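# Structure assessment
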Amino acid sequence: MPISRIESLVYGIADMAAGIRYFEDWGLKAVEQGERGAVFDTPAGQTIRLLPIDDPSLPAAPDGDRSTARQTVWGVDSVDDLEAIGAELSKDRDVARASDGTLSTFDDSGFSIGFTVTQPTAVQVEAPRVNLNENSQRLNEVVEAIPRAAPLRLGHVVFNISKDGGDRAVAFYLDRLGFRLSDRTLTGGDFMRCAGSRDHHNLFLLQRDDRPAFNHAAFEVRDFDEIMMGGTFMRGRGWEPETTPGRHILGSNLYWYFRNPCGGNTEYFADMDCMDNDWEPRIWDKSPGFALWSIDGPVQPSSPPAASSDS
Ligand SMILES: [Fe+2]
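Please read all numbers here as calculations on a predicted model, not as lab measurements.

### Topic: the nonpolar core
In this structure, Leu-9, Tyr-11, Leu-50, Phe-159, Leu-205 and Tyr-268 are the most contacted members of the largest nonpolar core, which totals 67 residues. No other element matches the six residues that strand E1 (residues 3–13) contributes to this core. Counting contributing residues, this core receives three or more from each of domain 1 (3–117) and domain 2 (153–294). Other than its neighbours up to four places away in sequence, Leu-9 contacts Ile-48, Ala-69, Thr-72, Leu-154, Val-157 and Ala-217.

### Things to note about the sheet that holds E1
Strand order in the open sheet formed by eight strands is E2-E3-E4-E1-E5-E8-E7-E6, and the pairing between neighbours is mixed. Whereas interior strands pair on both sides, the edge strands pair on one side only; in this sheet they are strand E2 (29–34) and strand E6 (96–97). Both E6 and strand E7 (residues 103–106) contribute to a ladder of two bridges, which runs antiparallel. Across the sheet, the residue bridging to Ala-96 is Ser-104, located in E7. Relative to strand E4 (residues 47–52), helix H1 (residues 16–26) is tilted by about 165 degrees, and along the sheet it contacts E1, E2, strand E3 (37–41) and E4.

### Re H1
All of the buried residues in H1 are Met-16, Gly-19, Ile-20, Tyr-22, Phe-23 and Trp-26. When H1 is viewed along its axis, its buried side chains cluster within an angular range of 160 degrees and face the same direction. Along its buried surface, H1 packs onto E1, E2, E3, E4 and strand E18 (265–270). Two residues or fewer past H1, Gly-27 is found with a positive phi of approximately 115 degrees.

### Notes on the domain arrangement of the protein chain
For the protein chain, the domain assignment lists domain 1 (3–117) and domain 2 (153–294). The C-alpha centroid of domain 2 is placed 18 Å from the C-alpha centroid of domain 1. Contact with domain 1, which involves 33 residues of that partner, is made by 34 residues of domain 2. Among the elements of the structure, E1, H1, strand E5 (68–76) and helix H2 (79–89) are those that each provide at least two residues to the side of domain 1 that touches domain 2.

### Digging into the environment of Ile-227
Among the secondary structure elements, Ile-227 is positioned in helix H4 (residues 224–236). You can call Ile-227 buried: it has 23 C-beta atoms within 10 Å. Put simply, Ile-227 and Thr-105 are 122 residues apart on the chain and 35 Å apart in space, counted from C-alpha to C-alpha. When sequence neighbours within four positions are dropped, the list of residues in contact with Ile-227 reads Val-221, Pro-245, Leu-254, Trp-256, Tyr-268 and Ala-270.

### As for the sheet that holds strand E20 (residues 291–294)
Strand order in the open sheet formed by 10 strands is E19-E12-E13-E14-E11-E15-E18-E17-E16-E20, and the pairing between neighbours is mixed. In the strand order of this sheet, the two ends are held by strand E19 (282–284) and E20, each with one partner. Each adjacent strand pair in this sheet contributes to an overall mean axis angle of 25 degrees, direction not counted. Relative to strand E17 (residues 254–259), strand E16 (residues 246–248) is paired through two bridges, and the arrangement is antiparallel. Across the sheet, the residue bridging to Arg-247 is Leu-254, located in E17. Each of E17 and E18 is contacted by H4, which is oriented at about 150 degrees to E18, the strand it contacts most.

Rules behind the numbers
- Along every chain, residues carry numbers that run from 1 in the direction the sequence is written.
- Local features in this predicted model are restricted to residues of pLDDT 70 or higher, and side-chain atom pairs are both shown and tallied only at a pLDDT of 80 or more, whereas totals for entire chains, interfaces and linings draw on every residue.
- What makes a nonpolar core is a set of buried Ala, Val, Leu, Ile, Met, Phe, Trp, Tyr and Cys residues, with links drawn between C-beta atoms within 7 Å.
- Burial is judged by counting the other C-beta atoms within 10 Å of a residue's own C-beta: 20 or more makes it buried, 12 or fewer makes it exposed, and any count in between marks it as partly exposed, with every C-beta position built from the backbone.
- Numbered from the N terminus, helices here are DSSP runs of H or I no shorter than four residues, and strands are runs of E no shorter than two.
- Throughout, the edges of the domains are those of an automatic or database domain assignment.
- Note on contacts: each residue gets a C-beta atom placed from the backbone, and two residues are in contact if those atoms are within 7 Å.
- Between any two strands, at least two bridges found by DSSP are needed for them to pair.
- Note on method: axes are straight lines fitted to C-alpha atoms, helices fitted across the in-contact stretch only, with angles between N-to-C directions ranging 0 to 180 degrees.
- The arc in question is traced by the directions running from the helix axis to the C-beta atoms.

Written as structure tokens, this is what we have:
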């Protein structure tokens, strides 16, 4: 049942105007917007949906009493795959079918998940070119300033889950939905990628002592320049960083996190590790740490920052 990516992320939020302003500043394009909600899309054809926190169509969430992500919709390759997922999950839980065919249910931590046939838009993008000694990939061209980031796609989501039952919650994705394990830290959590993806992770379940909660959504940009210029623009617009910029150890991606009024954080990321079935999952007795390096970061936490926003 090849799941290939995140197709849509749905938020239920208290302050619609702030949420819309945030995602506009983040660099996404609004394709619909009004007092009762907004829809943004990525160049890769994914959608970010903002709905009022009291919208009756929103599914419940463990942290749904505050602004947060309320549903992750996963994109599958075909109608047959969609039906196979529906048949599998119907064995032990209710699976609802929307008028557009999207299937919805809940994972073992109580988060709403949906499934739909993926509709990717091909993104034409040139990999960054660098100059090194006599290797001049960028000959006779300068590095241009960009006013702000323009994320290409939504790459991964992260949820805090309960330690109690955490292994079963992870097994649901690995055994029932075909996710692949990339890295597991016995003191932290599990980095998983969709069967149809080469990203180090599309889903990270972080086992914590507190209640289950959405942690962050991560958007891929072209390179470190775009992270820095986009993040600087965000700061100039008054949005608060959750971290300084840096490079992760697990996944190797460059990052910068910001606090999202829609709930949790958003992350600009670039240059993440890619892997296929030749990759042997690594099991870490102890987390190797949060960052290879970070700017002005004296001590970095050993796991992603808590979704500290109570907005
Ligand atoms: Fe992340």
